[in-house]
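Reading the structure
Take a look at the letters that make up each chain.
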Amino acid sequence: MEISGRRWVMFLGEFIHKLDSKNRIMMPSEFRDDLGNEFYVTKGPERSLVLYTIEEFEKRAKKYEELSYQNKNNRAIKRLFFSSTIKAYLDKQGRVLLNKQLRDYANLGKEAIIIGNNSNIEIWDLNNWNDYIGDVEVNLSEIMDQ
């Protein structure tokens, strides 16, 4: 999709994949072209991992850099965001290697779900996702009303 002469990337859908013995996970073929061969992976909310394209990461980094360093919460969010981020790559088979810190943070077991979340991609432990989405779906009407 193109908006104002700029290509707009939109990631959609859910895909269940297993982590292999070398802690790599297959990126869905639907995401690979838009994600690119180089991208960033960082800690996300609710114990998820978030994957950003280079362009999306640079936009977020710029927003964080504009935060006042005098504010304690701003310093904390910047430190957490940048210190937990890794530059990642797809191998020739379309897999991404996840380091131990990120796997431990997301409590990734053998099965994970990769979801499209508009401008980014999230990786969740499958059991954690099922618990989370079960809670959200039960309260969906209330959430949408807010």
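Residues numbered from 1 in each chain as written. Predicted model: local features only at pLDDT ≥ 70, side-chain atom pairs only at ≥ 80, totals over all residues. Heavy atoms only, no water.

When helices and strands are tallied, the protein chain shows 6 helices and 10 strands. At 16 Å, the protein chain has a C-alpha radius of gyration in line with the 15 Å of a compact globule built from 146 residues. Across its three principal directions, the C-alpha atoms of the protein chain cover 45 × 40 × 35 Å. With 146 residues in all, the protein chain has 38% of them scored as buried. Of the contacts formed within the protein chain by residues at least 6 apart in sequence, a portion of 60% connects residues at least 24 apart. Total accessible area computed for the protein chain in this model is approximately 9400 Å², and 48% of it derives from carbon and sulfur atoms. Each charge class in the protein chain can be summarised by its mean position, and for the 22 positive and 23 negative side chains these summaries are 9 Å apart. (Helix = DSSP H or I, 4+ residues; strand = E, 2+ residues; numbered from the N terminus. Rg over C-alpha atoms; globule rule 2.2 N^0.38 Å. Buried < 20%, exposed > 50% of the residue type's maximum accessible area, 1.4 Å probe, protein only. Contact = heavy atoms within 4.5 Å. Areas by Shrake-Rupley, 256 points an atom, 1.4 Å probe, with all protein chains shown as cover. Lys, Arg positive; Asp, Glu negative; His and termini not counted. Charge placed at Lys NZ, Arg CZ, Asp CG, Glu CD.)

Once that is clear, we can look at the nonpolar core. Grouped together as the largest cluster of nonpolar side chains are 25 residues, with contacts concentrated most on Met-27, Val-41, Leu-49 and Ile-123. Counting only elements with at least two residues in this core, the list comes to helix H1 (29–35), strand E5 (38–43), strand E6 (49–53), strand E7 (86–89), helix H4 (100–105), strand E9 (111–117) and strand E10 (120–125). Ignoring anything within four residues of it in the chain, the contact list for Ile-123 reads Ile-25, Ser-48, Leu-49, Leu-51, Leu-98, Leu-108, Ala-112, Ile-113 and Ile-114. Among the nonpolar cores identified, the runner-up in size contains 6 residues, and Tyr-40, Phe-57, Ala-61 and Phe-81 belong to it. (Core = buried A, V, L, I, M, F, W, Y, C linked by side-chain atoms within 4.5 Å.)

This part takes up the UniProt feature "domain: SpoVT-AbrB" (unreviewed entry) in the protein chain. Annotation from UniProt places "domain: SpoVT-AbrB" (unreviewed entry) at residues 14–56 and 85–128. Helix makes up 23% of residues 14–56 and strand 44%, with an end-to-end C-alpha separation of 20 Å. Secondary structure content for residues 85–128 is 20% helix and 45% strand, while the C-alpha to C-alpha distance between its ends is 21 Å. (UniProt positions renumbered as here; feature names shortened; annotations may be inferred.)

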